[in-house]
Amino acid sequence: METMVPVGTLNGEMVYGLPPVAFPNFHSAAAPPPKHSPKKHVRQQDDEQPYVKKPPNAFLLFLKEQRPNVVAGLKMTNNADINTELGLRWRSMSVLEKDRYFREAGDLRRLHEQQFPEWSTRDNYGKKRRRIRRKDPMPFKDEGQPGGPLPVTAAVTE
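Okay, so let's go over this structure. No experiment lies behind these values; they were computed from the predicted model shown. (Residues numbered from 1 in each chain as written. Predicted model: local features only at pLDDT ≥ 70, side-chain atom pairs only at ≥ 80, totals over all residues. Heavy atoms only, no water.)

Before going further, it helps to examine the packing of helix α1 (residues 58-74) against helix α2 (residues 79-92). Look at α1 against α2: their axes get within 9 Å of each other, and the N-to-C directions meet at 120 degrees. The angle between α1 and α2 places the two elements in the oblique class. For the pair α1 and α2, the crossing hand works out as right-handed. From α1, Ala58, Phe59, Phe62, Leu63, Gln66, Arg67, Val70, Val71 and Leu74 reach across to α2, where they touch Asn79, Ile82, Asn83, Glu85, Leu86, Arg89 and Trp90. Its residues assigned to classes, the contact of α1 with α2 shows 10 nonpolar, 3 polar and 3 charged. (Axes fitted to C-alpha atoms, helices over the stretch in contact; angles between N-to-C directions. Helix = DSSP H or I, 4+ residues; strand = E, 2+ residues; numbered from the N terminus. Parallel < 35°, antiparallel > 145°, perpendicular 65-115°, else oblique. Left-handed = near helix turned anticlockwise from the far one by under 90°. Contact = heavy atoms within 4.5 Å. Nonpolar A, V, L, I, M, F, W, Y, C, P; charged D, E, K, R; others polar.)

Before going further, it helps to examine the packing of aromatic side chains. One pass over the full model with this rule turns up 6 aromatic pairs. For the ring pair Phe59 and Trp90, a centre distance of 5.5 Å and an interplane angle of 70 degrees mean the geometry is edge-to-face. Here Phe59, found in helix α1, pairs with Trp90, found in helix α2; they are 31 residues apart in sequence, far enough to count as distant. Judged by its relative accessible area of 28%, Phe59 falls in the partly exposed class. Through pairs of rings, three or more aromatic residues link up here, namely Phe59, Phe62, Trp90, Tyr101 and Phe102. (Phe/Tyr/Trp six-rings, centres within 6.5 Å; stacked < 30°, edge-to-face > 60°. Buried < 20%, exposed > 50% of the residue type's maximum accessible area, 1.4 Å probe, protein only.)

What follows is about the nonpolar core. The biggest cluster of nonpolar side chains holds 11 residues, and these are Ala58, Leu61, Phe62, Leu63, Val70, Ile82, Leu86, Trp90, Met93, Tyr101 and Ala105. Mapped by element, the contributors of at least two residues to this core are α1, α2 and α3 (95-115). Beyond its immediate chain neighbours, meaning those up to four positions away, Ile82 contacts Arg67, Val70, Val71, Met76 and Thr77. (Core = buried A, V, L, I, M, F, W, Y, C linked by side-chain atoms within 4.5 Å.)

Before going further, it helps to examine the packing of α1 against α3. Close contact between α1 and α3 brings their axes to 8 Å; oriented N to C, the two are set at 110 degrees. Taken together, the axes of α1 and α3 are roughly perpendicular relative to one another. Crossing geometry of α1 relative to α3 is assigned as right-handed. Of α3, the residues touching α1 (which contributes Ala58, Leu61, Phe62, Glu65 and Gln66) are Arg100, Tyr101, Phe102, Glu104, Ala105 and Leu108. Of the residues contributing to the contact of α1 with α3, the split by class is 7 nonpolar, 1 polar and 3 charged.

Turning next to the environment of Pro55. The residue Pro55 is located in the loop between β2 (13-17) and α1 in this model. Sequence separation between Pro55 and Asp107 is 52 residues, and the spatial gap between their C-alpha atoms is 9.7 Å. When neighbours within four sequence positions are excluded, Pro55 is seen to be in contact with Leu108, Arg109, His112 and Trp119.

Next up, the structure:
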């Protein structure tokens, strides 16, 4: 058994503790933590196959067909507003009007099953490469933040 060594004083009395060699795996604040090499993601052989998209559903087919009409008709450029309008239009359609899109989606789903018989959403989940989003070099300063709003440098005229 190891002997106790003095580590300091507390209220005028000597305090004893175990020597540092008693805990070989313990890293004090002065010692740097052990360096581990970062784990690299090991790619599976499945990644060599191209990514196969899911077949579109009825609503996606409606969006694809109607988006240009909404943009041209309402002169909108904000995607959130366009999607809101398209959602309202889809919900206001009757079942008979929607049936065309459901039939087309079913046809595309069957065609997809024939082209990719081994494909399943479970096997495909998480395989799509994520986009790398770039951060804005100068974030927008809000009126509530220190510094106030950013000054307007150029005017847009129509």
